[in-house]
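# Fold and geometry: a report
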Amino acid sequence: MVETAGGGPQDGAAEVLDRPLPDGVRRRVVQIVADGFGGLTIAELPAQLRQYARFAPNRRAKFAGNAMAAALETDPLFRQRIGEKLRESQPELTGALDSGSPPPAADPLDVAAAAYVLRPPGWVKLVAAAGEEAQRADAERADEETRAELERLRAELDRAHEHTRSETERLRAELDAAKKETDSLHRKLRSALADVKRGEAALRKLRGEMEAVRAEGQAQVSAAESETRRLKARLGETEAALEAARRAAREGRSVEDMRVRLLLDTVLDAAQGLRRELALPPVSVRPAETVDAVEPGRMTPKDIAARALSEDDPAVLDQLLALPQAHLVVDGYNVTKTGYPQMPLEKQRLRLLGQLAQLAAQTGAEVTCVFDGAELAAPVLLAPPRGVRVLFSKPGVTADELIRQLVRAEPPGRPVIVVSTDREVADGVARAGARPVASAVLLKRLS
């Protein structure tokens, strides 16, 4: 038989609780175990609880509550150790339980939890009494809430009665006013018996005006509701426009960053190409080499002028496409109608795009071919060839304007070559910094 801290036999150990432990008592029991848990060594703990030894009391009660309750119920030695810790922390309450007279002013849940741990004689009755006390407290609290709800409903009923009474008085006043008006009409009718028809017409007119006023009031209410919905819609549109403006601002910044990066790559490639072209030796320049003079065997400005190419020479296009990061923009129909106008538009496009794909593979330049969307009777199902970007102008936008937009989108300093015989296009792109080339030059190069 297990001995208590006082040395006597634990008479309440034979008692058995025939119902589930009340929730309030169970929470207090788990808290008692969690508080006394930290005062035990690892060896004094049951095996299933040793993993929670380093937990704080609150975390221990939260994560190991079920395990601690089960160990307290099934392990008498562990329950005795927890009881000793409880006696140390609450000597007055445990002493009163041992003497069989729990304090009257103590919380019934605390008394029941301590009795469940210590198991003094009659502990089952204490636990059951605590459960009944908790149920009674819940019932009293529910009763108080019901009474408060009843009082609230009564107050609402009184307000409803008061509103009904005031509304009835208002309707009576309106009825009296209507009766007075009817009496007046009757007096007028009696004084004008010879003009009965005109009096009836006046009465119908009065009723029509009343209906018109009522209809006008309903129309005003409907108009107000419509205006409210319209303002809400306007607010939603404004918020959407604001979000679109913010998104456009972010995208604009990303486009500018892309243009700057592309220009930087162009400058770096140009510098590397110039270094390779000039085959600069890895030595510093001497001061004497900076003096302007003609050395034996070197080319003069006249010799350089003699090597210039004609504007119609296809080699000019090769030199331009050899520049670092070069971008070739082609006015598609301008080239095809110059070279092979007798072919259908679809075959013109396919022939030109196939030749541009070969040119892009040979030179490595970026190639964009622009066609006028106004020439299309239906959407084009076209798989662009590798290395060639194919664009059609939108409705209301010409291919010439799309080419100018492409040129303006490029960063200043990047080599952009525009192929078109249209003088307006050539002059416009030249002012934007691009290099115009006639369509005949590209046709010669492709053939």
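Below you will find a few notes about this structure. Keep in mind it's a predicted model, so treat the numbers as computed, not measured.

## Some remarks on the nonpolar core
It is characteristic of soluble globular proteins that their nonpolar side chains tend to be buried jointly. If you look at the biggest cluster of nonpolar residues, it comprises 34 residues, and the most contacted ones within it are Val29, Val33, Met68, Leu72, Phe78 and Ile82. Counting residues per element, the ones that place at least two in this core are helix H1 (23–37), helix H3 (65–74), helix H4 (76–89), helix H5 (91–99), helix H6 (108–118) and helix H7 (123–191). Not counting chain neighbours up to four residues away, the residues in contact with Val33 comprise Met68, Leu72, Phe78 and Ile82. One finds Ala357, Leu359, Ala360 and Val441 within the second-largest nonpolar core, a separate group that totals 29 residues.

## A few points about the packing of aromatic side chains
One pass over the full model with this rule turns up two aromatic pairs. An aromatic cluster is present here, built from Tyr333, Phe371 and Phe392 joined pairwise through their rings.

## Focus: the sheet that holds strand E1 (residues 327–331)
Sheet strands line up and pair through hydrogen bonds in the backbone, either parallel or antiparallel. Spatial ordering of the open sheet is given by E3-E2-E1-E4-E5, a layout of five strands whose pairing is parallel. The open sheet has two edge strands, strand E3 (388–392) and strand E5 (435–437), and neither has a second partner. Averaged over all neighbouring strand pairs, the angle between strand axes comes to 20°, with direction disregarded. Relative to strand E2 (residues 366–371), E1 runs parallel, the two sharing five bridges.

## What to know about the side chain of Ser420
For Ser420, the location among the structural elements is in the loop between strand E4 (416–419) and helix H14 (423–431). Using a relative accessible area of 6% as the deciding quantity, one classes Ser420 as buried. Among all residues touching Ser420, those that are not within four sequence positions of it are Asp331, Asn334, Val425, Val437, Ala438 and Ser439.

## Overview of the pairing of E2
Most of E2 is tucked away, with five of its six residues classed as buried. Bridge count for E2 against E3 is five bridges, and the pairing is parallel. Looking across to E3, one finds that Phe371 is bridged to Phe392.

## Thoughts on the packing of helix H10 (residues 314–321) against helix H15 (residues 439–446)
Interaxial distance between H10 and H15 falls to 8 Å at its minimum, and their mutual angle equals 90°. Considered as vectors, H10 and H15 are oriented roughly perpendicular to each other. Contacts between H10 and H15 involve Pro314, Leu317 and Asp318 from the first element and Val441, Leu442, Lys444 and Arg445 from the second. Broken down by class, the residue content of the contact of H10 with H15 amounts to four nonpolar, no polar and three charged.

## Focus on the side chain of Asp331
Tracing the backbone through its elements, the reader meets Asp331 in strand E1. No salt bridge is formed by the buried Asp331; the nearest opposite charge belongs to Arg404, separated by 8.7 Å. Beyond its immediate chain neighbours, meaning those up to four positions away, Asp331 contacts Val370, Ala399, Asp400, Ile403, Val419 and Ser420.

## Some thoughts on the packing of H1 against H4
The interhelical angle for the contact between H1 and H4, taken along N-to-C directions, is 80°, at an axis separation of 9 Å. In terms of orientation, H1 lies roughly perpendicular with respect to H4. Along its contact with H1, which presents Ile32, Val33, Gly36 and Phe37, the element H4 presents Phe78, Ile82, Lys85 and Leu86. Here the residues of the contact of H1 with H4 are counted per class, giving six nonpolar, one polar and one charged.

## Describing the pattern of salt bridges
Pairs may arise between side chains of opposite charge once their charged atoms sit close together. For the structure on display, the rule yields 15 salt bridges. In this structure, the salt-bridge partner of Glu366 is Arg389, at a minimum N-O distance of 2.8 Å. Separated by 23 residues along the polypeptide, Glu366 in strand E2 and Arg389 in strand E3 bring together distant segments of the chain. Looking at Arg389, the relative accessible area reads 38%, which means it is partly exposed. The partner of Arg423 in a salt bridge is Asp427, and the shortest N-O contact between them spans 3.5 Å. Taken together, the residues Arg423 and Asp427, both in helix H14 and four residues apart, mark about one turn of the helix. Judged by its relative accessible area of 33%, Asp427 falls in the partly exposed class. Overlapping salt bridges bring together Glu366, Arg389, Glu410 and Arg414 as one network.

## Some details on H10
By the burial criterion, the buried members of H10 are Val316, Leu317, Leu320 and Leu321. Along the axis of H10, the buried residues cluster in a sector spanning 130°; they form a single face. On its buried side, H10 packs onto E1, helix H12 (345–363), E4, E5 and H15. Between the side-chain oxygen at the start of H10 and the backbone nitrogen of Ala315 there is a gap of 3.0 Å, and the oxygen is on Asp313.

## Considering unusual backbone geometry
Within the chain, Gln325 stands out as a residue other than glycine whose phi angle is a positive 60°. As for its placement among the helices and strands, Gln325 is situated in the loop between H10 and E1.

Procedures and definitions
- Residues numbered from 1 in each chain as written.
- Predicted model: local features only at pLDDT ≥ 70, side-chain atom pairs only at ≥ 80, totals over all residues.
- Heavy atoms only, no water.
- Core = buried A, V, L, I, M, F, W, Y, C linked by side-chain atoms within 4.5 Å.
- Buried < 20%, exposed > 50% of the residue type's maximum accessible area, 1.4 Å probe, protein only.
- Helix = DSSP H or I, 4+ residues; strand = E, 2+ residues; numbered from the N terminus.
- Contact = heavy atoms within 4.5 Å.
- Phe/Tyr/Trp six-rings, centres within 6.5 Å; stacked < 30°, edge-to-face > 60°.
- Pairing = 2+ DSSP bridges.
- Axes fitted to C-alpha atoms, helices over the stretch in contact; angles between N-to-C directions.
- Parallel < 35°, antiparallel > 145°, perpendicular 65-115°, else oblique.
- Nonpolar A, V, L, I, M, F, W, Y, C, P; charged D, E, K, R; others polar.
- Lys, Arg positive; Asp, Glu negative; His and termini not counted.
- Salt bridge = Lys/Arg side-chain N within 4 Å of Asp/Glu carboxyl O.
- Arc of directions from axis to C-beta.
- Polar contact = N/O pair within 3.5 Å; in protein donor to acceptor, adjacent residues only side chain to side chain.

Any functional reading would require information that these geometric values do not contain.
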